[in-house]
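# Working through the structure, step by step
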Amino acid sequence: MAFDAEQFRDPLNQASIYAQQWIAGISERGINPRKSFDEVRDAFGDILPDQGTDPVEVINRLGTLGEAGLMGMGSGKFFGWVIGGTMPAPLAADWLISAWDQNSGAPTLTPTVTALESIAGDWILDILGLPKESAVGFPTGAQMANFGGLAAARGEVLARVGWDVNLLGLTGAPRIRVLVNEERHVTIDTSLRYLGLGAPEEVESDSQGRIRIDALRDALEKFSAPTILALQAGNIHSGSFEYFREAIELAHEHGAWVHVDGAFGLWALASSKLRPLLDGVELADSWATDAHKTLNVPYDCGVSIVRNPTALRRAFGVEASYLPSEREEELWPSEKVAELSRRGRGVTVWAALLALGRSGVSELVDDMVLNAQALASDLATVPGCRVLNDVVFTQVSFAFESDARTESVEKCLLEDESVWISGSKWKGVKVLRISVSNWSTDEKDRFETIEAVRKAVVKSQI
Ligand SMILES: *Cc1c(COP(=O)(O)O)cnc(C)c1O
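As the structure is a computational prediction, the values presented were derived from the model and not from experiment. (Residues numbered from 1 in each chain as written. Predicted model: local features only at pLDDT ≥ 70, side-chain atom pairs only at ≥ 80, totals over all residues. Heavy atoms only, no water.)

## Section: the pairing of strand E9 (residues 395-399)
Most of E9 is tucked away: five of the five residues are buried. Burial along E9 is two-sided: Gln395, Ser397 and Ala399 facing one way and Val396 and Phe398 facing the other are all buried. Relative to strand E11 (residues 429-435), E9 runs antiparallel, the two sharing four bridges. Bridge pairing links valine 396 to isoleucine 434 in E11. (Buried < 20%, exposed > 50% of the residue type's maximum accessible area, 1.4 Å probe, protein only. Helix = DSSP H or I, 4+ residues; strand = E, 2+ residues; numbered from the N terminus. Pairing = 2+ DSSP bridges.)

Pasting the structure below:
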């Protein structure tokens, strides 16, 4: 097949039209998908045709049939799970990255992409006030950023007791203790599973889901072994931050590696108002965060930060005869994440940070928190509604008179379609959970959200 640049024009233009239609309609459209998985499969048809299809026709089919099965996650009234939207600059940058189609594993392959990721990494360390010597990698999300930090931790705590995990594996190795906040995110557990470290030991947390320092001290003193402690910046139910300084200093006295899962909450460091809540977090050894949540770049983009680049290279560095063999001081992109070949996803972070500027990042985070706090105080005026957490960040957990009442309000709320709030269970209580993670949520969205909750409360009583 001969190359013809003209062949790209119409499909790209067509995709751009559908994309702009989707974005233009996002705040008017009901948030829920109108078609189910099975209906969408049926609509597209599952017979692979013998003959090919014209690229424009492929895009037309995608654009017209796909829309009905999409969820309005980019709406300012979408508060489910912890899901960000996307801002214009990172979205457009992401398209360009796709068109450039660069294998982003090494600087010799793609100077532009690796240089921009290197700049984005430096800017992140600067904005978040984390140690300048840290390595910053761009995996798919916080799941893989947690995996990266914990992989570096595993190699390092074993090396400190003279065990080379790359050479000897884990069979017969000293057992690693992994202590975690009992309210950690599930991706800590899956990461430990991928790493062959088994289930972690849970440490009790307080009313806001912060690890209890006395319980942590008891756990650390129980017996000594190579130890990893996983803390979190941003509890998914309360948004709370650990007592970092005390917890990290204590863990370091016991020789532990401290990893922080800050998937959405680490960005609080960008705000001078919020930063004191995370005092001491910069003392940790590794941090995981997402750019596709609080920073509002398109999926997928996580950020893995490790203070000691050598520990990270130990986990992910590769030697192969067909790869250039000189090793520079600065780690290659492929030495910072689990993937070898990958897209230049860090460029979207560069685009987002450049578009926002330092003050814009801080405003983005502060606005989310103001919205969450305003929603919480308005919720407190809804009959029967109780807000269960101290709203220090972007998360609001609320409940009604009983679990059954909360469930029926949830059901009516989701039928409403104009807002999306997910249900959960926190400390044994059925809750509704708001996560303000979209850059565009504003006063009108808040007003409509509270109206929707009020209506759902009335409807659920009938
Ligand atoms: C979302 C989230 C994760 C997982 O992040 P992904 O981007 O889905 O991989 C991990 N920890 C916390 C606290 C989260 O909110």
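On we go.
## Here's the deal with the site of the ligand
Contacts to the ligand come from Gly141, Ala142, Gln143, His185, Thr187, Ile236, Asp261, Ala263, Phe264, Asp290, His292 and Lys293. Contact between the ligand and aspartate 261: a nitrogen atom at 2.7 Å from a side-chain N or O atom of the residue. A distance of 2.9 Å separates an oxygen atom of the ligand from a polar side-chain atom of lysine 293. Burial of the ligand by the protein chains amounts to 84% of its free accessible area of 380 Å². A per-class count over the shell around the ligand returns four nonpolar, five polar and three charged. (Near = heavy atom within 4 Å. Polar contact = N/O pair within 3.5 Å; in protein donor to acceptor, adjacent residues only side chain to side chain. Areas by Shrake-Rupley, 256 points an atom, 1.4 Å probe, with all protein chains shown as cover. Nonpolar A, V, L, I, M, F, W, Y, C, P; charged D, E, K, R; others polar.)

## Here's the deal with the domain arrangement of the chain
Along its sequence, the chain is organised into domain 1 (9-71), domain 2 (92-352) and domain 3 (358-461). Distance from the C-alpha centre of domain 2 to the C-alpha centre of domain 3: 30 Å. Counting from both sides, the interface comprises 28 residues of domain 2 and, opposite them, 26 residues of domain 3. Carbon and sulfur atoms make up 58% of the area that domain 2 and domain 3 hide from each other, which totals about 2000 Å². Considering only the side of domain 2, the residues that lose the most area to domain 3 are Gln208, His237 and Asn296, jointly responsible for 28% of the buried surface there. Linking domain 2 to domain 3 there are three salt bridges. Seen at the junction of domain 2 and domain 3, the total is 14 residue pairs in polar contact (both at pLDDT 80 or more). Its residues assigned to classes, the side of domain 2 that touches domain 3 shows ten nonpolar, 13 polar and five charged. (Domains from an automatic or database assignment. Contact = heavy atoms within 4.5 Å. Buried area = accessible area lost by both parts, 1.4 Å probe. Salt bridge = Lys/Arg side-chain N within 4 Å of Asp/Glu carboxyl O.)

## Some details on the side chain of arginine 446
Position of arginine 446 among the secondary structure elements: in helix H14 (residues 443-461). The buried charged residue arginine 446 lacks any salt bridge partner; its closest oppositely charged side chain belongs to glutamate 443, at an N-O distance of 4.7 Å. In contact with arginine 446, not counting residues within four places along its chain, are Asn371, Ala374 and Leu375. (Lys, Arg positive; Asp, Glu negative; His and termini not counted.)

## A closer look at the sheet that holds strand E2 (residues 177-181)
Spatial strand order, E1-E7-E6-E5-E4-E2-E3: seven strands in an open sheet with mixed pairing. Unpaired on one side and paired on the other, strand E1 (135-137) and strand E3 (201-203) mark the two borders of the sheet. Going from strand to strand, the sheet's axes swing by 20 degrees on average, the running direction of each strand aside. Lying on the sheet, helix H9 (residues 213-222) is in contact with E2, E3 and strand E4 (227-232); it crosses E2 at an angle near 175 degrees. (Axes fitted to C-alpha atoms, helices over the stretch in contact; angles between N-to-C directions.)

## Digging into the pattern of salt bridges
Taken as a whole, this structure holds 33 salt bridges when the rule is applied. Salt-bridge contacts for arginine 212 lead to aspartate 214; the nearest nitrogen and oxygen are separated by 2.8 Å. Note that glutamate 448 is salt-bridged to lysine 444, the shortest N-O span being 3.2 Å. Note that glutamate 448 and lysine 444 are positioned in helix H14 at a spacing of four residues, about one turn of the helix. Assessed through its relative accessible area of 54%, lysine 444 is described here as exposed. Within the structure, one salt-bridge network assembled from shared partners comprises Arg245, Glu249, Asp279 and Glu282.

## Details of the pairing of E4
With respect to burial, E4 is a largely interior element, six of its six residues being buried. Neither face of E4 is open: one carries Thr227, Leu229 and Leu231, the other Ile228, Ala230 and Gln232, and all of them are buried. Taken together, the four bridges between E2 and E4 define a ladder with parallel strand orientation. Across the sheet, valine 180 pairs through a bridge with alanine 230, a residue of E4. Pairing between E4 and strand E5 (residues 257-261): five bridges, direction parallel. The residue bridging isoleucine 228 from the neighbouring strand is tryptophan 257, located in E5. Handedness of the β-α-β unit built from E4, helix H10 (residues 244-253) and E5 comes out right-handed. (Right-handed = clockwise from strand over helix to strand, strands pointing away.)

## Here we look at the environment of histidine 259
Relative to the helices and strands, histidine 259 is located in strand E5. Judged by relative accessible area, histidine 259 falls into the buried class, the value being 0%. Separated by 113 residues in the primary sequence, histidine 259 and asparagine 146 place their C-alpha atoms 8.0 Å from one another. In this view, histidine 259 contacts Ala145, Asn146, Gly149, Leu150, Ile188, Leu229, Ala230, Leu231, Ser286, Trp287 and Ala288; residues no more than four positions away in its chain are not counted.

## Comments concerning helix H13 (residues 403-416)
The first and last C-alpha atoms of H13 sit 20 Å apart over 14 residues, in line with the 20 Å expected at 1.5 Å per residue. By the burial criterion, the buried members of H13 are Arg405, Thr406, Val409, Glu410, Cys412 and Leu413. Residues of H13 that are buried in the fold lie against E9, strand E10 (422-426), E11 and H14. Following H13 by one or two positions, glutamate 417 adopts a phi angle in the positive range, close to 75 degrees. (Expected span 1.5 Å × (residues − 1).)

## Looking at the sheet that holds E11
Strand order in the open sheet formed by four strands is E8-E9-E11-E10, with antiparallel pairing between adjacent strands. Here the strands that pair on one side only, and so sit at the sheet edges, are strand E8 (386-387) and E10. Contacting E8, E9 and E11, helix H12 (residues 346-379) runs over the sheet at an angle of about 15 degrees to E9.

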